[in-house]
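As a plain string of letters, each chain reads:
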Amino acid sequence: MAQPAPTLIASTVADLRRHAPFDAMDPGLLAKAAAKFRLRYYAAGTVILEPSHGQVTQLFIVQRGLVEGWGNSPDAGGKDVVALTLSEGECFPVGAILGRRPTNLCFRAARDTFCHELDGALFEDLMDRSREFRHYATARLSNLVEQSRRGVQNMYAGRMAGPGAMAQPLKSLLGRETVTAPAEMPVRAVLQQMHDLRIGSVVIVDDSNRPIGIFTERDVLDRVALQGIDLALPIERVMTRDPQFLPSTAALFEAAQLMARRRFRHVLVVEDGRLAGVVSERDLFALQRLSPGEIGKAIHSADSAPALAHAAAEVRKLAGGMLAQGVAAEQLTQFVSTLNDAVVERAIALATASLGGVAARWCWLGLGSEGRMEQTLATDQDNAIIFAPHSAESSVDDIRAALLKLAGEVNAILDQCGFPLCKGDIMARNPRWCLAEPEWRGLFTDWMRSSTPDALLNAAIFFDFRPLAGEFTLADGLRTWLNDHAQRQAGFLRQMAVNALQARPPLGLLRDFVPDDSEFPGTIDLKRYGARPFIDAARIFALAHGVSATNTAERLRVAGPRMRLSAEEIVSAIDGFHFIQMLRLRSSDPEAGDPATGNPIPLPPNRVDPERLSALDRRILKEALRQARKLQSRLELDYQA
């Protein structure tokens, strides 16, 4: 076969380098491969590839035009419908050529189209010689999301010290030698060591250098000075046992989250179980200008609503910084939820100190996104209370009255802290949502039996409950009961599936996206039409299989195999969901601005204009929405919805 002219090869390379994974490939290797590409024209309506063609032996890359993938849909009475659309830079059918099988879809040119074509031998050669190409082919969505994450880091690099700092591994901060001591060393000797070296902690290790304890300045005060112990005693008598530690490969934000949750100042770092070093709050503070541990302590020590509101504002600043550094959406939303949980706990403590306690067992429940640990930077309140009298003689109405008074104060404090009151009044201060354990069971039973629109809406919010404060056993008992009961409600689950399918991913037939009708033309509601399909599907899967997890990704990880979803399908669905969550986080960050111009985006949180996204992010968003559509197709199959 004659070689293409050098100018044609250069033009092909330039065209390919506008798209992943070719933008990351070795230029020389790409140029050699491009010389073997074939460019073919397909008139509108032409079938490019279909199942009857047999085992796929070549890969197609859309150079210009639009390709539709048609497939059989039970929802359309067995008729063929458009399952996906492919535009410039997109490849097909990757899964079929990897699996050495026929394609499942019929690919047609939706309009006049040009495609680059790679034969099977060239595809295998690129798989062997290019790590970037192999990663893309085997984990396409994960690869694209990683590229987008790096782009976010570069975009906002100036907002924090060092782009991507909080996504770096803990070992990146390990420099100085860690001071250790054996368990039998006298307390006096350890104190002298701390004084001479001017350090605030010493790690206690065994003969194999495995950490068994830590001795800090706080231990000096609490266990030595105040107790007046004999300084000749071994340090193991006063050390903090079983210290928390993380592997050296863990990211810095994981240490930050642990410090915030447990109010630690130090986190031990290990490699193969042996001490590798210590990361302190000061180390992280130097990177971020905001300390997670300090914020956690500020929350815990806040003695008034204004003080707590100030600490809550710092949480949002810190989260914005972590967003700028490219921390993944799952970790970031869990980090935000962890600190927000601490704000709720402190608000309850302040209200209890002001109004007095309640003579009953009770638990504060987070609902909706808070219950799923998926809060973004802009979120309102969704909460409730479950309680149980101490004895049969206790008055449920009296307990409820006391708890409602307490809840009203807590809801007001949280409002001051930047969590607006729920417009639908789904809050613990509402008598409808402050119920004894039997009342919750009765209410849940009524919702599952009636399956009215209001019942389905309430179930979607309340069935994601998570205990935040009080006696967690009450919430755990309700969850166990719900898991057992919901599995047997086939009609209810089907109605939930029907309801879930009302929010269709906004994918078009002749264009990538179909903006919804709103006062913001050309935009998409990422919460309703992007995240919700994943959340609804995962909830139904979890209820159908007795999965206790409330987090969407965790529900998919646990329930997915029980649904006989492949590992690849589960990973792709989770990647798609997290990318949409990241776009939501970026849309709710007031400092983010328009990636193209740097100007503030005049859109409300959760709304995005696809035309303002980079070409890479538009491509990932389209793929993410396809994953949502696949989950909905599974609901249609399983429940004939």
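Reading guide: rules and limits
- Residues numbered from 1 in each chain as written.
- Predicted model: local features only at pLDDT ≥ 70, side-chain atom pairs only at ≥ 80, totals over all residues.
- Heavy atoms only, no water.
- Buried < 20%, exposed > 50% of the residue type's maximum accessible area, 1.4 Å probe, protein only.
- Helix = DSSP H or I, 4+ residues; strand = E, 2+ residues; numbered from the N terminus.
- Pairing = 2+ DSSP bridges.
- Right-handed = clockwise from strand over helix to strand, strands pointing away.
- Contact = heavy atoms within 4.5 Å.
- Axes fitted to C-alpha atoms, helices over the stretch in contact; angles between N-to-C directions.
- Parallel < 35°, antiparallel > 145°, perpendicular 65-115°, else oblique.
- Left-handed = near helix turned anticlockwise from the far one by under 90°.
- Nonpolar A, V, L, I, M, F, W, Y, C, P; charged D, E, K, R; others polar.

Observations concerning the pairing of strand β17 (residues 383-388)
Reasoning step 1: In terms of burial, β17 is a largely internal element, six of the six residues being buried.
Reasoning step 2: Of the two faces of β17, the one carrying N383, I385 and F387 and the one carrying A384, I386 and A388 are both buried.
Reasoning step 3: Strand direction decides the pairing type here: strand β16 (residues 361-366) and β17, joined by six bridges, are antiparallel. Bridged to W362 within β17 is F387.
Reasoning step 4: A crossover connection joins β17 to the parallel strand β18 (residues 434-436) through helix α15 (residues 396-416); in handedness this β-α-β unit is right-handed.

Some details on the sheet that holds strand β3 (residues 58-64)
Reasoning step 1: Pairing is antiparallel in the open sheet, where four strands are placed in the order β1-β8-β3-β6. What marks the edges here is a single partner per strand, and that holds for β1 (38-42) and β6 (91-92).
Reasoning step 2: Helix-sheet contacts for helix α4 (residues 120-129) involve β3 and β8 (113-119), and the interaxial angle to β8 is about 70°.

Concerning the packing of helix α20 (residues 526-544) against helix α21 (residues 552-562)
Reasoning step 1: Between α20 and α21, the least distance of the axes is 9 Å, while the angle of their chain directions is 45°. Looking at the two axes, α20 sits oblique to α21. Of the two possible hands of crossing, α20 and α21 adopt the one that is left-handed. Judged by residue contacts, F534, I535, A538, R539, F541 and A542 of α20 engage T552, R555, L556 and A559 from α21.
Reasoning step 2: Classifying every residue of the contact of α20 with α21 gives seven nonpolar, one polar and two charged.

What to know about the sheet that holds strand β9 (residues 180-182)
Reasoning step 1: Strands sit in the order β9-β10-β11-β12 across an open sheet of four strands; the sheet is mixed. Lying at the two open borders of the sheet, with one neighbouring strand each, are β9 and β12 (240-241).
Reasoning step 2: Inspection of the sheet shows β9 paired to strand β10 (residues 201-205) by three bridges, in the parallel sense. Considered in β10, the bridge of T180 is made with V203.
Reasoning step 3: Strands in contact with helix α8 (residues 217-225) are β11 (211-216) and β12; relative to β11, the strand with the most contacts, it is inclined by about 80°.

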